[in-house]
Structures are given as C-alpha cells and as structure tokens.
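# Report on the structure
Each chain, letter by letter, is given below.
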Protein chains: 2
Amino acid sequence: MSPTRIPEATVARLPVYLRALNSLLDSDIRSCSSEELATAAGVNSAKLRKDLSHLGSYGTRGVGYDVEYLRYQISREIGLTQDWPVVIVGIGNLGHALANFSGFSSRGFRTVALLDADESRHGELVAGCPIRDFGELGQIVREHGVAIGVIATPASAAQAVCDQMIAAGIRSVLNFAPTVLSVPEDVDVRMVDLSSELQILAYHEQRKAPHVEGAPGTEGVA
Amino acid sequence: MSPTRIPEATVARLPVYLRALNSLLDSDIRSCSSEELATAAGVNSAKLRKDLSHLGSYGTRGVGYDVEYLRYQISREIGLTQDWPVVIVGIGNLGHALANFSGFSSRGFRTVALLDADESRHGELVAGCPIRDFGELGQIVREHGVAIGVIATPASAAQAVCDQMIAAGIRSVLNFAPTVLSVPEDVDVRMVDLSSELQILAYHEQRKAPHVEGAPGTEGVA
DNA sequence: AAGAGTTTGTGAACGTGCGAACAAACTGAA
DNA sequence: TTCAGTTTGTTCGCACGTTCACAAACTCTT
Ligand SMILES: NC(=O)c1ccc[n+]([C@@H]2O[C@H](COP(=O)([O-])OP(=O)(O)OC[C@H]3O[C@@H](n4cnc5c(N)ncnc54)[C@H](O)[C@@H]3O)[C@@H](O)[C@H]2O)c1
Ligand SMILES: NC(=O)c1ccc[n+]([C@@H]2O[C@H](COP(=O)([O-])OP(=O)(O)OC[C@H]3O[C@@H](n4cnc5c(N)ncnc54)[C@H](O)[C@@H]3O)[C@@H](O)[C@H]2O)c1
C-alpha cells in the first residue's frame, strides 16, 4: 500500500491532522482545502500538503480533500483501523487519571488490564476495570496479544517493569516515569516528561524577561 | 553570560542531562566523562558535548565534568535558580495527579493555585492546596507574578481558559487538552498529547508486524 | 621535562525538515 | 471548446540537527 517510508516528523503530525479532521466532521464540514485543514491543525499549509503527499494522492486539485475519506486514509496509515490492546502498570495518581482518560479508548486503544505491585489495591475497580497483580503481566499479554504497555510507576521501578514487559512480548512502551529506559533495538519507547516540558517553558520565559528585579513570586519559600 | 542563542533541540535535552546529573549525584559520583553522562541520558556522546558547548566550556579535557558544577550551570541556563510560580486550571482526574506530582515542586516550580469552574469543588484540598474559583485567576497571577499556566480542562474549555490566562499576563502555557490553542506570537504553548503518543507507537508497531492474521487482540469489541 | 594516554570542544560532512514557489490538474462560466 | 480561477502535489533552496573525526588541552608516569 505505502511503498515509501514516512518521515518521523510527518508521523508525529498525523494524529494532529486526525484530530482536526474529526473536529471538522463534528461541525458537519465534509470537504476542506489544505489551507483550512492546516489552520485547524495549527501548521503551515505547504507542510500539510507535503505530509499528506507521503501517504498518497488523496486530494483533488481545484477542490480540496474529502474530510471523511482523508480521515480514513490517515487512520489506516497509522494503524487505527485495527484494535490495540494496552496494559497500564502503576495505578497511582497518574495511573488512575490514565485509566479514566477517554482519549485512550476512543481511538482504537483498549485498556485490557490495570496492574500494580501493591497488593492492598488489588481488586479495586478503576473505570470499571479491576486492578490486578503485576505478576499476571505475562499471561495477560499472551492472552490479549498486547503490543503496547504504559508505565506509570515511580522512576525507581520503571526499568524493572519495562524489562518484564519486554520479556512478556511488548515492543512499544509509553513511559511517564522520569527516567531513561534502556531497551533492545526493536523496542520503541516514547517518554512523556512533564518536568522537562515545564523546564523548556521556563527557559524561554527567562529569555523573554531577563530583568527580574523586585518582581513578586520569589518571596515565598517552596 | 550566554551571548549565543541555544538551539531548540539542545534546550529540549538540557532537562534530560539535569536528571542524569542528579542521578549520578545520588550515587555519590562527583565527576564524569561525556561518555558516562551520555549513557545515563540516553544520547550520543558527541551530541552531548556539542549541546554543552553551547552553554560554555565547563569541562576539563583529559578529565571530564564536575557533576555538581555542571548541574548548577545547566540549572542556571534553564532558569531553575529562580522560583517559578504555576497555576493549574481544571482539577479533574488529571489535575489531581498533577497537583500531587512531586516533579513539579521539586525543581523550582511552585503550585500557587488550583482553579476550577465547578463550584461544588471549591475549597476542597488537593495536595494541601485548596481548589479556588477560576474567576480569581487574574488576581492570583498579579499577586504571585505567575508566568506559567497549566491547562487540564476538557478540550472544549481550553481555548477560553487560555485566553483568560493570557489576558491575566501569563505568557507560557502547558496544555494537556487535546486541542490546538491559538495564541499571540509572544506566548509559548507546549502541548502534551497522550493520544498522539499512543498513535505514533501504533504506527511503528504496525510496521514491525505487518502480518496480523489470526492474532489475538482483535476479537474483543471496544 | 618529555611523552603516552585521556577526554573535551569543534570543524566539516551528511541527512532531515521546512517553506516558498510553481506546474499540473481540476471546476465552472462563456 | 476555451479560458479564467482554484487548489493540489512537487521541486528547490535553505536552515537546522546529527555524527564523525581530530586538534587542543589536560593528567600521570617515567
Ligand atoms: N502525578 C503526575 O501528574 C505525574 C506526572 C508526570 C509523571 N509522573 C510520574 O508518573 C509516575 C507515577 O506517578 P504517580 O503520581 O501516579 O505516583 P504514585 O506513587 O501515586 O503511583 C505509583 C504506583 O505504582 C505502583 N508501583 C510501584 N512499584 C511498582 C512495581 N514495581 N510494579 C507495579 N506497580 C508498582 C505503586 O503501588 C503505586 O500505585 C511517577 O514516576 C511520576 O514521576 C506523575
Ligand atoms: N485523564 C488523563 O489521563 C488525561 C490524559 C491526557 C489528557 N487529558 C486531557 O486533560 C483534560 C482533563 O482530563 P481529566 O480526565 O482530568 O478530565 P475531568 O473531566 O476529570 O476534569 C476536567 C476538570 O476541568 C474543569 N473545568 C471544566 N471547564 C472549565 C473551565 N472553563 N474553567 C476551569 N475549569 C473547568 C471541570 O470542572 C473538571 O474538574 C482533558 O482535556 C483530557 O482530554 C487527560
């Protein structure tokens, strides 16, 4: 279907386009130009067209794109036309939020198990799903063909959890613990690091206002 | 101090180096080579050295880097030697987790207020901080000199919340709602989109195993 | 003091990504 | 049919990011 490899930068934007297309459909807009879609996605229209050209030629010159058709093509390219079973490990503050997050289940991702090492939480229902023991990981992965694992444990446990996931057959990991995971080459890890995001904002903020004399916000102790 | 502008890709990695340095200090390692630090940070050592060279010449040839000194220099460059007051808006599932997240407060970021539009939650204590009305935003920003705002509301409210933040004087926004925010040029927005991260993983996963015949994980309906 | 060994900082080559600009392809009117 | 107007898909130049490779600068031994 897609003979050419898609650039990584493009892959990272496809979900954004998908969101924009869904938003247009919600407003009953059936067709759109690259300019409109680019605005909705917050990117340059030339970039959008080049990105889409990597998937194929799904627009019509002089007309634009059919919203539903393009959405299907992007979904198919990403792999959202199939179902992706997911396990979440570490059901603390963040794990609870993730389990309740509708954005996970809405797009083909299905939480098949919530795992935690803390025995006192086993059996507790979160978003209708019981918390189970981490030791059941291997069996669950085999049973449901889980390919994607989410780590929401403390950093100290993350590498061990990751190793177990890989041993069980998982080859894609979404890591929320603030630690670098070392994995074999065929395993993908994506890291979500809130602390880093704040620090990047702080860097730019500092550059904007280099003159912080008697400004408030420094008198209170953390 | 730093006459030259630091490349964006480098800025995004500085927090990672900082984490690695802290981790080395925890192990009582006072000095390290670029190779060691690069391994701890999960990057190429040449890239690490080039990144650090943008800050200045803080290493010693033939020896390596002093861990504590380098940590201080990076902290200073990012702006973590000063205190950053932060407000979080939308104290639902995710907002609760964020308020409880120690990684926020640990590095100079101080949550000064939790705001929500839902009156029934006002006064409730989360991580020792009371939930207050969203209408108090302007006053709080002025009072504490808040420069960074975190949005954890539903997507439908995010743009309005963002506009209010900017009107109040906030110029850096961390957005968790899955929607594109339109802001003036002098405002920075960073977006954390879990759904996108999962989709990117799914894309690569699909490429790894293009042969999904009778594999499990497709029989159950979402 | 000199030389061997180590490690940083950087110049240069290479690859990727971005945006402007334009030809190709479509629609619709005359 | 022909022509004007519109919008896609793609080419091209440029900027940015990554990696290699090595001179410069340090330590330590003899
Ligand atoms: N709370 C946030 O908003 C937030 C944001 C970003 C990152 N994080 C990171 O996400 C992780 C979780 O944060 P949290 O606030 O939910 O912490 P938490 O302490 O509330 O939850 C951690 C959970 O992991 C479980 N756990 C510990 N070791 C385990 C193991 N070996 N196997 C399975 N489960 C194990 C614990 O029992 C606990 O339930 C942390 O690494 C944190 O730094 C949290
Ligand atoms: N839960 C997750 O793990 C998760 C992960 C990623 C992204 N998100 C996104 O983060 C956002 C919050 O998720 P959640 O699960 O916490 O949702 P939630 O419904 O539990 O919480 C949303 C909160 O925002 C408040 N709110 C609504 N409108 C507001 C307004 N105009 N001003 C101030 N407060 C307002 C609500 O009262 C509620 O308390 C959503 O956009 C969601 O898509 C959530």
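Located above this text is the structure these notes cover.
Since the model is a prediction, treat every value here as computed from it, not as a measurement.

Rules of the game
Residues numbered from 1 in each chain as written. Chains lettered and ligands numbered in written order. Predicted model: local features only at pLDDT ≥ 70, side-chain atom pairs only at ≥ 80, totals over all residues. Heavy atoms only, no water. Near = heavy atom within 4 Å. Polar contact = N/O pair within 3.5 Å; in protein donor to acceptor, adjacent residues only side chain to side chain. Areas by Shrake-Rupley, 256 points an atom, 1.4 Å probe, with all protein chains shown as cover. Helix = DSSP H or I, 4+ residues; strand = E, 2+ residues; numbered from the N terminus. Nonpolar A, V, L, I, M, F, W, Y, C, P; charged D, E, K, R; others polar. Contact = heavy atoms within 4.5 Å. Pairing = 2+ DSSP bridges.

A separate point is the site of ligand 2. As a matter of local geometry, ligand 2 sits amid 22 residues, with A:Ala97, B:Asn93, B:Leu94, B:Asp116 and B:Thr153 nearest to it. In this structure ligand 2 sits where residues from chains A and B come together. Between ligand 2 and B:Thr153 there is a distance of 2.7 Å, counted from an oxygen atom to a backbone nitrogen or oxygen. Here ligand 2 has 830 Å² of accessible area as a free molecule, and 80% of this is covered by the chains. Going through the elements one at a time, helix H5 (93-100) of chain A together with helix H5 (93-100) and helix H8 (155-168) of chain B are the ones with two or more residues in the shell around ligand 2. Considering every element that reaches the shell around ligand 2, the biggest residue donor is H8(B), with three residues. Looking at the shell around ligand 2 residue by residue, the classes come out as 16 nonpolar, four polar and two charged.

Mapped onto the fold, A:Asn175 is located in strand S8 (residues 172-175). Apart from the residues lying within four places of it in its own chain, the contact partners of A:Asn175 are A:Ile151, A:Ala158, A:Leu181, A:Val189, A:Arg190, A:Met191 and A:Val192.

As a further point, take the site of ligand 1. Lining the immediate surroundings of ligand 1 are 22 residues, of which A:Asn93, A:Leu94, A:Asp116, A:Thr153 and B:Ala97 lie closest. Around ligand 1, the nearby residues trace back to chains A and B. A:Ala117 has a polar backbone atom sitting 3.2 Å from a nitrogen atom of ligand 1. The contact in question runs from an oxygen atom of ligand 1 to an N or O atom on the backbone of A:Thr153, over 2.6 Å. The greatest single-element share of the shell around ligand 1, amounting to three residues, is contributed by helix H8 (residues 155-168) of chain A. Residues of the shell around ligand 1, tallied by class, amount to 16 nonpolar, four polar and two charged.

Quick look at the protein's contact with DNA strand D now. In the neighbourhood of DNA strand D, 27 residues make up the surrounding shell, with A:Ser34, A:Ser57, A:Tyr65, B:Arg13 and B:Arg61 lying closest. In DNA strand D, atoms within 4 Å of the protein come 66% from sugar and phosphate. The contact in question runs from a phosphate oxygen of DNA strand D to an N or O atom on the side chain of A:Tyr65, over 2.7 Å. Elements with a contribution of two residues or more to the surface near DNA strand D: helix H3 (45-53) of chain A together with helix H1 (8-26) and helix H3 (45-53) of chain B. Take the surface near DNA strand D: its biggest share by element is four residues, from H3(B).

Here we come to the protein's contact with DNA strand C. Around DNA strand C sit 27 residues in total, of which A:Lys50, A:Arg61, B:Ser34, B:Arg49 and B:Tyr65 are the nearest. Among the atoms of DNA strand C close to the protein, meaning within 4 Å, 63% are from sugar or phosphate groups. A distance of 3.0 Å is found between a base nitrogen of DNA strand C and a side-chain nitrogen or oxygen belonging to B:Lys50. For DNA strand C, a sugar or linking oxygen lies 3.2 Å from a polar atom in the backbone of B:Gly62. Going through the elements one at a time, helix H1 (8-26) and H3 of chain A together with H3, strand S2 (59-60) and strand S3 (64-66) of chain B are the ones with two or more residues in the surface near DNA strand C. Per-element tally for the surface near DNA strand C: the top contributor is H3(A), with four residues. Across the surface near DNA strand C, the residue classes break down as seven nonpolar, eleven polar and nine charged.

We now examine the sheet that holds strand S4 (residues 84-89) of chain B. Two pairing modes exist for strands in a sheet, parallel and antiparallel, and in both the strands are linked by backbone hydrogen bonds. Residue and element names in this part refer to chain B. Strand order in the open sheet formed by seven strands is S6-S7-S5-S4-S8-S9-S10, with mixed pairing between adjacent strands. Where the open sheet ends on each side, the last strands, each with one partner, are strand S6 (125-126) and strand S10 (188-191). As paired elements, S4 and strand S5 (residues 109-116) share six bridges and run parallel to each other. Looking at the pairing, valine 87 lines up with alanine 113 of S5.

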